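Chains, contacts and geometry: an overview
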Amino acid sequence: MSNIPKKYADIVQAWKETPLDCAEDMLSIFVIAHIYRVLKLGPNQVEKSGLGKGTGLIPDGLIYADENRDKAPVIVAEYKKRIPELATADEATFMQLCLQEKSLYREALGYRDNNPKNNGIRQYLDNSNEKIEKNRLAYYGLVFNGDFFQIWRRVDGLILPLTPLQRMTEETIPLLIQQLEHCLKSPRKGLVVSNWNRKGGVGKTTNTINVGAALALEKKKVLLIDWDTQNDLARNLLPSWEAKEQKEDFWSKCLDKLYNKLDSEAKEILKENTENLEFCLEGNKKRTFSLDVLSAEEKWLNLFQANDSLTEKRKVEFMQKAIHLLAFDYDYIFIDTSPNSDIWTRSMLFCIDALLIPADLSIKALHHAVEVHDITIKEVREGKKINKNLYFSPWNLGVAYSNCAEELKPNSQLEKIISKQLKKQEFQGYICQTNLKVYNQAKVAEAEHLPVICWEKSKSASLFQELAKEVFLSHHFITN
Ligand SMILES: Nc1ncnc2c1ncn2[C@@H]1O[C@H](COP(=O)(O)OP(=O)(O)OP(=O)(O)O)[C@@H](O)[C@H]1O
Ligand SMILES: [Mg+2]
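Here, residues in each chain are numbered from 1, in the same order as that chain's written sequence. Naming scheme: in the order in which they are written, chains are lettered from A and ligands are numbered from 1. Restriction of local features to residues with pLDDT of at least 70 applies here, the model being predicted, together with a cutoff of 80 or more for giving and counting side-chain atom pairs; totals for whole chains, interfaces and linings are based on all residues. Side-chain figures throughout are based on the complete set of non-hydrogen atoms in the structure, without hydrogens or water.

**Looking at the overall build of the protein chain**
The test is simple: Helix and strand labels come from DSSP, where a helix needs a run of H or I of at least four residues and a strand needs a run of E of at least two; each type is numbered from the N terminus. Only C-alpha atoms enter the radius of gyration, while the globule expectation follows 2.2 Å times N to the 0.38, with N the number of residues. Burial here depends on accessible area, computed with a 1.4 Å probe over protein chains only, as a share of the maximum for the residue type. Under 20% is buried, over 50% is exposed, and the range in between is partly exposed. Computed with a 1.4 Å probe, the accessible areas rest on the Shrake-Rupley method; for each residue, only the protein chains presented here act as cover.
The helix and strand tally for the protein chain stands at 18 helices and 15 strands. Computed over the C-alpha atoms, the radius of gyration of the protein chain is 23 Å, within 12% of the 23 Å expected from 2.2 N^0.38 for a compact globule of 480 residues. Residues counted as buried form 55% of the 480 residues belonging to the protein chain. Working note: accessible area of the protein chain is about 21800 Å², and carbon and sulfur atoms make up 49% of it.

**Quick notes on the environment of Lys81**
One can find Lys81 in the loop between strand E3 (75–79) and helix H3 (84–87). In this structure Lys81 comes out as partly exposed when scored by relative accessible area, which is 42%. Distance from Lys81 to Lys271, taken between C-alpha atoms, is 48 Å for residues 190 residues apart in sequence.

**Observations regarding the site of ligand 1**
Worth spelling out the cut-off: Near, as used in this document, describes a residue that has one of its heavy atoms within 4 Å of the molecule or strand being considered. In protein, a polar contact means a hydrogen-donor-capable atom and an acceptor-capable atom, both N or O and within 3.5 Å, with residues adjacent in sequence counting only if both atoms are side-chain atoms; elsewhere, any N or O pair within 3.5 Å suffices. Asp, Glu, Lys and Arg are counted as charged, while Ala, Val, Leu, Ile, Met, Phe, Trp, Tyr, Cys and Pro are counted as nonpolar; the rest, among them Gly, fall into the polar class.
Near ligand 1, the surroundings consist of 18 residues, among which Gly201, Lys204, Thr205, Thr206 and Glu446 are the closest. Between ligand 1 and Gln230, the relevant distance is 3.3 Å, taken from an oxygen atom to a side-chain nitrogen or oxygen of the residue. Protein contacts shield 85% of the accessible area of ligand 1, which totals 620 Å² for the unbound molecule. Put simply, the parts of the chain that give the shell around ligand 1 at least two residues each are helix H8 (204–217) and helix H17 (440–447). Taken together, the residues of the shell around ligand 1 break down into six nonpolar, seven polar and five charged.

**Focus: the sheet that holds strand E8 (residues 191–195)**
Here is the rule we go by: Each pair of strands is called paired provided DSSP finds at least two bridges between the two strands. The convention used is that axes are lines fitted to C-alpha atoms, helices contributing only their stretch in contact, and that angles between N-to-C directions extend from 0 to 180 degrees. In what follows, residue pairs with any heavy atoms lying within 4.5 Å of each other are defined as contacts.
Taken together, seven strands build an open sheet; the order of strands is E10-E11-E9-E12-E8-E13-E14 and the sheet is mixed. What marks the edges here is a single partner per strand, and that holds for strand E10 (274–281) and strand E14 (395–401). In this sheet, adjacent strand axes meet at a mean angle of 25° when their direction is disregarded. H8 contacts E8, strand E9 (222–227), E10, strand E11 (284–295), strand E12 (332–337) and strand E13 (354–359) of the sheet and is inclined by roughly 130° relative to E11.

**Brief notes about the domain arrangement of the protein chain**
The cut-off we apply is this: Domain boundaries shown here were taken from an automatic or database domain assignment. The term buried area refers to how much accessible surface (probe radius 1.4 Å) is lost by two components on association, counted for both of them together. Should a side-chain nitrogen of Lys or Arg be within 4 Å of a carboxyl oxygen of Asp or Glu, the pair is scored as a salt bridge.
Parsing the protein chain into structural domains produces domain 1 (6–185) and domain 2 (191–477). Relative placement of domain 1 and domain 2: their C-alpha centres are 32 Å apart. Each side of the interface is counted separately: domain 1 has 22 residues, and domain 2 has 17 residues. Both sides of the domain 1 and domain 2 interface together cover about 1800 Å² of buried area, and 65% of this is carbon and sulfur. Among the residues of domain 1 in contact with domain 2, Arg122, Asp156 and Leu158 are the three that bury the most area, contributing 27% of the side total. Viewed at the interface, domain 2 and domain 1 are joined by two salt bridges. A salt bridge links Arg153 to Asp353, with the nearest nitrogen and oxygen atoms 3.3 Å apart. Our count for the contact surface shared by domain 1 and domain 2 stands at 11 residue pairs in polar contact (both at pLDDT 80 or more). By residue class, the composition of the side of domain 1 that touches domain 2 is 11 nonpolar, seven polar and four charged.

**Focus: the pairing of strand E6 (residues 158–161)**
Side chains Leu158 and Leu160 of E6 all project onto a buried face; the interleaved residues Ile159 and Pro161 project onto the opposite face, where all are buried too. As paired strands, strand E5 (residues 148–155) and E6 are joined by four bridges and run antiparallel to one another. Bridge pairing links Arg153 to Leu160 in E6. Here E5 folds back onto E6 in antiparallel fashion, the turn holding two residues, of which Asp156 has a positive phi close to 50°.

Encoded structure:
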């Protein structure tokens, strides 16, 4: 107990005294009450009541950011009983017991292995659940049984892990508290995403612009960051890009401020260099949307890369900090990078919460998509572990077939080839149902420096809107 900060010692002690078969309702007395106390939650900040009108759908706990219950709760909790089998398992068996079918952990998440009516935490975060009043939808979900815990995050319809599944130990109890404190402080932090594949020309930039625009049309605040030395995103959206002459390497300037702990000045530099673009829909000038774009010229991006006054590790850490600062001002931030593994791509991988992988219907693009999904992302997560980060990311949103000449028809020759390839690579991830087919309207939009979403009625715009709905706006539960 000696190494445990005093603040947590109380919970650790209480947890150690919790019976290994502690029933769900007793867990509150043994541990949860102590957690709430360390979080300094007032009596009005915690409640156990229904999420909608009428009965049913009563979660085990709702936690509010402050005493004002008019705002949505920040955290919704699903508690389960403790079982000795889990409490006494060794490390490897513990994970196996949690992840196997019909486990208590899976039940807490809402898998229906055991019981077709089981709903778990998923139902409380489901934005399509008509039983939940919209202002009662929480931003985070906690599943906890005294031995396992995990925090989930909801952004619009998307539900993704904020932390990996963790085992409750003396060491992880402080982490759990810090994670919950982070949630309570930042319920509205934007989601940082990239459309990225190691394969070039698959639609990364086009998807970034148009999925971003589709979300902006839904009144989401969206920032597009161009970290590709080709500057395709900036050239695509800013008619004056070629004539522009940026005077300085603003990313280095920003990092310099961060290095000197001048966070608000750092953020100011980024704001000064952000262009706010207003768009209106063709044929309906009254319907508008806006996108923010942050782009540095190629020469400055290269200079930043070559600058060796800081190690690459430090540069990446500062970029994470810069993006974190911006994330409080947006609903979504998309970062566009080149397919190469330059410092910008590596920074992006460490900054994002989630990755959507575009792949055209070629075997080459698919091969890289699966490698990025299964290998690159895991390597980044491992890299973050060393820093004892509060949470792990990125999470895989899936593969989106993009830049496709034709839709992929079920049972077609190509569909069979692709299925065989995915099977060969043992791909377990999500494949988006929306196929982004190539239409000339998207090329016209590119030439006019506009997102194709401006032609809202076009087939191309519809597909991007469909993808934005499928991945972000409709109920979408991600576990990868
Ligand atoms: N949905 C689409 N409809 C029409 N054209 C498309 C579509 N998606 C991509 N394209 C075209 O394919 C080309 C490559 O797309 P894009 O530049 O988005 O790919 P990328 O992955 O960003 O490429 P790079 O690897 O060079 O960064 C572009 O010229 C673009 O016009
Ligand atoms: Mg590109």
